[in-house]
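Listed here are the chains, written in short residue letters.
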Amino acid sequence: MTTPVLPRHRVALVGRLRSFGDAVALQWAGPSGMQTMSYAVLAGRVDERRSALGRAPRLVVLEAGNDVESVVTLLAALAGGHPVILTAPGGSDGMVDAWDPDVVASGADLESRREGSAHEVHPDLALMLSTSGSTGSPKLVRISTANLDCNAAQIVDALGLSGDDVGATTLPLQYCYGLSVLLSHLSVGAGVLLSDLSVVDACFWDAFRAAGGSTLAGVPYTFDLLDAAGFTSMALPRLRLVTQAGGRMEPAAVRRWSELGQERGFDLLVMYGQTEATARMATLPAHLAAENPSSIGVAVRGGRFSLAPVEGAAAGVGELVYEGGNVMMGYATSPADLARGAEVTSLHTGDLARFTADGLVEIVGRRSRFAKVCGLRIDLDRVESDLTRGGRTAYAMDGGDRLLVAVTADEGRDPVDVAAVRREVSDRYAVPRAAVVVTDISDVGEVPRTASGKVDRPALATLVDAFGEGTCPTPSRLVARSGGPDTGNGAADGAGTVHQSQAERVRALYAELLDRPDATLDDSFVSLRGDSLSYVEASVRLEGLLGELPESWHVRPVRELARRLPASTPNAAASGIVRGIPRWRRWRSLETSVVLRSVAIAVIVLTHAGVLDVRGGAHVLLAVAGFAFARFQLSGGPRSERVAHVLESVTRIAVPGAVWLGVLFLVDERYSWWNPVLLTSVGGSNVHPQWRYWFVEAVVHILVAMTALLAVPALDRLERVRPFAVPMALALLALVFRYGIVDVGSHHVNGRPAVVLWLFVLGWAMARATVTWQRWLLTAYVLVVVPGFFTDPVRDATMAAGLLVLLWVRSVKVPAFVVPVVVPIASASLFIYLVQWEVMGRVGYSLLGAAVSVLTGWIAWRGSSPLIEPVARWVGARVPRSRSVS
């Protein structure tokens, strides 16, 4: 069912983004240093993404990471009135099954599952979150636009936030506390440092200082990590406020951090909240923390606390009840609940509390079976239900900063695999593995019971705590970590320590392939000036190390890639056996652009040799070149970095091309001096040999033109704000040459740079197409523009097929045994293209001549790369550097 477009409320804080103008909204550590995005640019990106989502309200499931694209998509949905269900990266499957969303989003990638919406949604509904961040409970909290605006204003008031502040995303965005950090800062024009690094990672603190961080948020576990990371000795000149929420912190710790803040010049603000109250309900003023360390303080502005009677509770103790504009609309357990309006005016928190003589609120216990572990609220009954399967019985208990689990195998069943249970709990509930303690109770005794026969959970918790596998990490081991708590991805040993040798293997691979012995663990493929030529071999060899390449691996630092490296199989890539399967029987995943490059150059050579008659491959390669340009040259770095990167790529193509054509000019009278200077399209004659190398000349000319465009600050900024619209507009403008509206010459017209420009920018647009409608738009462009480009319909069809494969197919599964053939051919494609005619002219235009041409091109590529790379880097180094993004 498609709902009509209804008048909808908008989240006011999102509408104010543009009013903050050029102030820095978002910062993040990129491959070439700190990157920034102004509020004006952010507002433009949000408007573009909002248009992609459509006008009619649709239910969106967003896998939200602490990254720019996730923030843009979230704000766009809130601005467009599209209710959002937030999940962790990779965690959308269950939500899709349960809620049947209209759109599934991951960063900038919008997967539209239908036009319009299948749901009736209330116009006030803005957001749905799992209760208190991450829980086994299937119900979601319904948050309204008014809730978001109200609580953002309450937090701004409580923290005294202003446009001068910069906060950091130390918590995930799908967790209400982490989300509130983002929205409260953006609501007043403050800056936000986007990072998914742990606070024990030195790189996080480098970024925090570079961004001018002034506020820091954490759950109790975060403060343990801060201790381990040596926070007390850090120089953080702009830090003025540290906030704590997400669970009770021991009074002694509150007092200690409060006193440390007084010494170091920052305030500690203890806060209390639940997802059901959008984020936060209470704050303990900093000047009261040392004397009242067990209190949560007073209600935020506009809120009010009261106590509801609880049978059997001590005098003065009751269930804490909160009223305020930030109280949720209600819960949702099925899609039918999306149409319901606000049903809750007061929130029964489930916490037992009392008021002190000074009017402060003090939490004294919990009424229900929930635990808060590392800031995440866990339904203990749900944990037990999930684990009591497969012939075992389980008990889950609150261990304060840990989740305690006792398991036992049912009679006649195999013993419990404690390590496997620990992994299961960690993965299912997003709890750091170090915070999960599991024991097989049958190994240490019987389940303790009370006199009435009930399970004595306090006694059982003591047993698990004493004998369980897995303890909270000690400070010395935490310091050794590179990425925070062990997430169970196979990249670390039992303590989560990433082996230096693993990172060194990735770094050494980059150093070898890119001729960059200066490569460090903080470098990425892009920051080391990798381009489309070196990308091919790098991607395949990295896949051999990592097993599977993560998305956007080329912009991820070495140390992050190393965390994905299997520690137990250091020689897996070279062994020829993976998981017991011989290499020749395995399949490998190669990016489509790599396969297209290899297939296209092979077909070109075989066609020129007379073995095949399949034409159009070189023109497909022009689109592949544009695709690579968008991925490698258009990084998020400053404008000068982009220009330098493009010029280096131009050098890698122009130098071997000019040298080879210079030799031909000296020994073969058929060539003109226009050839080695790559200006045949300007002054060359209508002699066929002179036009054999049109492809090299076209790519060089187009890349030089792109360099000129990027050098213009306004155009550079426009491309960052409209990453898809800019190449799409250029693809349309380039049609004036494609259709001869602007005459560029009569002979060899389909090889002239201006005439084939549309193919290059089409590939650029393909790389920027992140949502389905953009891909369909490009499909229509191909189907309209390609026919008639050649006089041969078959050639047109071949080119169109190659372009559509590049657009729609991101990777191709190939037998592993062909990879050693595909990769060298793709990597050496430029050199094969250069030498093919001269080789076949001597060996013969035959299959043998084609094979020798490929081999000769590969030898030329391997032999010349060490000579060309220093020249390319020298050219790039000549570009004056700027310190910020345009």
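Relevant structure appears above.
Residues numbered from 1 in each chain as written. Predicted model: local features only at pLDDT ≥ 70, side-chain atom pairs only at ≥ 80, totals over all residues. Heavy atoms only, no water.

Caption draft 1: Quick peek at the environment of Ser-258. Along the polypeptide, Ser-258 turns up in helix H9 (residues 251–264). For Ser-258, a relative accessible area of 5% gives the class buried. When the C-alpha positions of Ser-258 and Leu-288 are compared, they lie 9.2 Å apart, and in sequence the two are 30 residues distant. Aside from chain neighbours lying at most four places away, what touches Ser-258 is Leu-268, Ala-286, Ala-289 and Ala-290. (Helix = DSSP H or I, 4+ residues; strand = E, 2+ residues; numbered from the N terminus. Buried < 20%, exposed > 50% of the residue type's maximum accessible area, 1.4 Å probe, protein only. Contact = heavy atoms within 4.5 Å.)

Caption draft 2: Spatial organisation of the packing of aromatic side chains. Counted according to the given criterion, the structure contains 24 aromatic pairs. Both rings, one in Trp-673 and one in Trp-674, keep their centres 4.3 Å apart while their planes meet at 25 degrees; by these two values the pair is stacked. For Trp-673, a relative accessible area of 45% puts it in the partly exposed group. Counting every residue linked through ring pairs, the aromatic cluster contains Phe-204, Trp-205, Phe-208, Phe-223, Phe-231, Trp-257 and Phe-266. Taking the ring centre of Tyr-331 as reference, the NZ or CZ of Lys-139 above it sits at 4.1 Å. (Phe/Tyr/Trp six-rings, centres within 6.5 Å; stacked < 30°, edge-to-face > 60°. Lys NZ or Arg CZ within 6 Å of the ring centre and 35° of its normal.)

Caption draft 3: Fine view of the sheet that holds strand E24 (residues 403–409). If you trace the three strands from one edge of the open sheet to the other, you get E23-E24-E25, paired in mixed fashion. This sheet does not close on itself; its edge strands, each paired only once, are strand E23 (392–398) and strand E25 (436–440). The sheet shows a mean angle of 20 degrees between the axes of neighbouring strands, taken without regard to direction. Two elements, E24 and E25, share five bridges in a ladder whose sense is parallel. By the bridge assignment for E25, Leu-404 is matched with Val-437. Along the sheet, helix H12 (residues 418–429) makes contact with E23, E24 and E25, crossing E25 at roughly 145 degrees. Across the sheet, helix H13 (residues 457–467) touches E23, E24 and E25, and the angle it forms with E23 is around 95 degrees. (Pairing = 2+ DSSP bridges. Axes fitted to C-alpha atoms, helices over the stretch in contact; angles between N-to-C directions.)

Caption draft 4: Looking closely at the sheet that holds strand E18 (residues 330–332). Strand order in this open sheet of seven strands is E6-E5-E3-E4-E7-E8-E18, and the pairing throughout is mixed. This sheet does not close on itself; its edge strands, each paired only once, are strand E6 (109–112) and E18. The mean inter-strand angle of the sheet, taken between neighbouring strand axes irrespective of direction, is 25 degrees. Here four bridges tie strand E5 (residues 103–106) to E6, and the two strands are oriented antiparallel to one another. The residue of E6 that forms the bridge with Val-103 is Ser-112. Seen against the sheet, helix H3 (residues 68–80) touches strand E3 (60–63), strand E4 (84–87), E5, E6 and strand E7 (125–130) and runs at an angle of roughly 160 degrees to E3. In the packing of helix H5 (residues 145–159) onto the sheet, the strands contacted are E7 and strand E8 (140–144), and the crossing angle to E8 comes to about 75 degrees.

Caption draft 5: Local environment of the side chain of Ser-184. Here Ser-184 lies in helix H6 (residues 176–186). Using a relative accessible area of 1% as the deciding quantity, one classes Ser-184 as buried. Within the local environment of Ser-184, its side chain forms a polar contact with the backbone oxygen of Ser-180, the two atoms lying 2.6 Å apart. For Ser-184, the side chain forms a polar contact with the main-chain oxygen of Val-181, separated by 3.3 Å. Contact partners of Ser-184, with chain neighbours within four places excluded, come to Ala-152, Ile-155, Val-156 and Leu-161. (Polar contact = N/O pair within 3.5 Å; in protein donor to acceptor, adjacent residues only side chain to side chain.)

Caption draft 6: View of the pattern of salt bridges. Inspection of every chain in the model, using the stated rule, returns 26 salt bridges. The residue Arg-114 makes a salt bridge to Asp-100 at a minimum N-O spacing of 2.8 Å. Taken together, the residues Arg-114 in the loop between E6 and E7 and Asp-100 in the loop between helix H4 (93–99) and E5 connect sequence positions 14 residues apart. (Salt bridge = Lys/Arg side-chain N within 4 Å of Asp/Glu carboxyl O.)

Caption draft 7: Looking closely at the layout of surface pockets. Reported here for the second largest pocket is a volume of approximately 880 Å³. What lines the second largest pocket is a set of 44 residues, and nearest its centre among them are Pro-220, Gly-247, Arg-248, Met-249 and Arg-366. Sorting the residues of the lining of the second largest pocket by element identifies helix H8 (220–228), H9, strand E13 (267–272), strand E15 (295–299), strand E19 (346–355), strand E20 (361–366) and strand E21 (370–373) as the ones contributing at least two each. Residue classes in the lining of the second largest pocket are distributed as 20 nonpolar, 13 polar and eleven charged. (1 Å grid on protein atoms, 1.4 Å probe; cavity = no way out; pocket = protein on both sides within 12 Å on 5 of 7 lines; lining within 4 Å. Points joined across faces, edges and corners; volume = space filled by probe spheres on them. Nonpolar A, V, L, I, M, F, W, Y, C, P; charged D, E, K, R; others polar.)

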